[in-house]
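Below, each chain spelled out in residue letters.
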Amino acid sequence: MLHTGSDRPAGKPMRVRKAVLPVAGLGTRFLPATKAQPKEMLPIVDKPLVQYAVEEVGRSGIPMAIFVTGRGKDAIEDHFDVSFELEHQLAGRGQRELRRQIRAISALTQMTYVRQKQALGLGHAILMAKDLVDDEPFAVLLSDDIVESRVPCLKQMLEVFERYGRSVVAVQKVDKRAVSSYGIIKAHPVRDRSWDRRLFRIDDMVEKPAPAKAPSDLAIIGRYILTPAIFQELAATKRGAGGEIQLTDALRRLLVKEPIYGFIFEGKRYDAGDKLGFLQATVEMALKRPDLGERFRQYLKSLDL
Ligand code: G1P
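Model, not experiment: these values are computed from the prediction.

Calculation rules
Residues numbered from 1 in each chain as written. Predicted model: local features only at pLDDT ≥ 70, side-chain atom pairs only at ≥ 80, totals over all residues. Heavy atoms only, no water. Near = heavy atom within 4 Å. Polar contact = N/O pair within 3.5 Å; in protein donor to acceptor, adjacent residues only side chain to side chain. Areas by Shrake-Rupley, 256 points an atom, 1.4 Å probe, with all protein chains shown as cover. Helix = DSSP H or I, 4+ residues; strand = E, 2+ residues; numbered from the N terminus. Buried < 20%, exposed > 50% of the residue type's maximum accessible area, 1.4 Å probe, protein only. Axes fitted to C-alpha atoms, helices over the stretch in contact; angles between N-to-C directions. Parallel < 35°, antiparallel > 145°, perpendicular 65-115°, else oblique. Left-handed = near helix turned anticlockwise from the far one by under 90°. Contact = heavy atoms within 4.5 Å. Nonpolar A, V, L, I, M, F, W, Y, C, P; charged D, E, K, R; others polar.

### A short note on the site of the ligand
Surveying the vicinity of the ligand reveals the residues Leu 122, Leu 142, Asp 145, Tyr 182, Gly 183, Glu 207, Lys 208, Ile 220, Gly 222, Tyr 224, Gln 246 and Thr 248. Within the contact set of the ligand, an oxygen atom lies 2.9 Å away from a backbone nitrogen or oxygen of Gly 183. Within the backbone of Ile 220, an N or O atom sits 2.6 Å from an oxygen atom of the ligand. When isolated, the ligand has an accessible area of 380 Å², and the protein chains bury 80% of it. For the shell around the ligand, the element with the highest residue contribution is strand S11 (residues 218-226), accounting for three residues.

Structure below.
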């Protein structure tokens, strides 16, 4: 049975201070590139995927990132650490601006790491962060999804959370044929003018349905604000689609106890976990770069396509 109670809990919701970034996945879609390096370190132009996600955490005012990591992912930890040797060398060569950029990476947010010892799925990965998150609402970001927007996607979602104090998942309309790659929600719009018909109360959800069985074309994108009640549901969730413990299945259980919202964010999302999406992100972001854009545009125009 679906929770039908009041939209808002009593009192002001707690501040979201922690963001969980699951980065333990094997990255099989990008083999052989990911044989010996984390897929999260693949660059779009010159910045690793995971740095886009951590920058969004910082720009959304969340002071702590919790990485759920695994074997072969040390490069991520090193990337966000201070590199004195590199900074010293850059300073010695007079490359002050580059040195500043490299130093800034380690100051984006405070970072902690926890290991997921077995690859049992997204839901299981988030459960590994339970002790570090504790009894607080928290964000989840999947670094495969890059969102370019004026206001960071997570920050937009925090506004919804501050209003309702309930879990919020980012959603986007997708092509009906693509639904089987996503968690899909069944939902009805919230009558509140401030969200301009972009906010939904979720009635049900299903992980990676066949197109004929999908309840809508609203797909969950890799940005979530979750109440800590999700941990109890994750712990009770059995393996689902793909034999994995799915976050969507745990959210479905949570729906019985609390309302959950779906939010169509403003911005452009790239699916960098897919080869074509990765190429699209690369081309579009390179075109926007002040130092590269014009020359790259000329080059693309010169191609006989
Ligand atoms: C995960 C979630 C899925 C969501 C997707 C967004 O799937 O399980 O519900 O729609 O992220 O990117 P994955 O892409 O890890 O298979």
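### Comments concerning helix H1 (residues 49-59)
Across the eleven residues of H1, nine count as buried, placing the element largely inside the fold. Regarding H1, the residues found buried are Leu 49, Val 50, Gln 51, Tyr 52, Ala 53, Val 54, Glu 55, Glu 56 and Val 57. Once H1 finishes, Gly 61 follows within two positions and takes phi at roughly 80 degrees, a positive value.

### Some details on the packing of helix H3 (residues 84-92) against helix H4 (residues 96-105)
Relative to each other, H3 and H4 sit at 165 degrees, their axes nearing to 8 Å. Classified by the interaxial angle, the pair formed by H3 and H4 is roughly antiparallel. Taken as a pair, H3 and H4 cross one another with a handedness that is left-handed. Touching Phe 84, Leu 86, Glu 87, Leu 90 and Ala 91 of H3 are Leu 98, Arg 99, Ile 102 and Arg 103, all from H4. The class makeup of the residues in the contact of H3 with H4 is six nonpolar, no polar and three charged.

### Here we look at unusual backbone geometry
A cis amide bond links Leu 31 with the next residue in sequence, Pro 32, at an omega value of 5 degrees. For Pro 32, the position within the fold is in the loop between strand S1 (18-22) and strand S2 (43-44). Residues other than glycine seldom take positive phi values, yet Asp 134 does so here, at roughly 65 degrees. With respect to the secondary-structure elements, Asp 134 resides in the loop between helix H6 (130-133) and strand S6 (138-141). Judged by relative accessible area, Asp 134 falls into the exposed class, the value being 52%. At Asp 196, a residue that is not glycine, the phi angle is positive and equals roughly 50 degrees. A residue is classified by how much of its surface remains accessible, and Asp 196, at 57% relative accessible area, is exposed.

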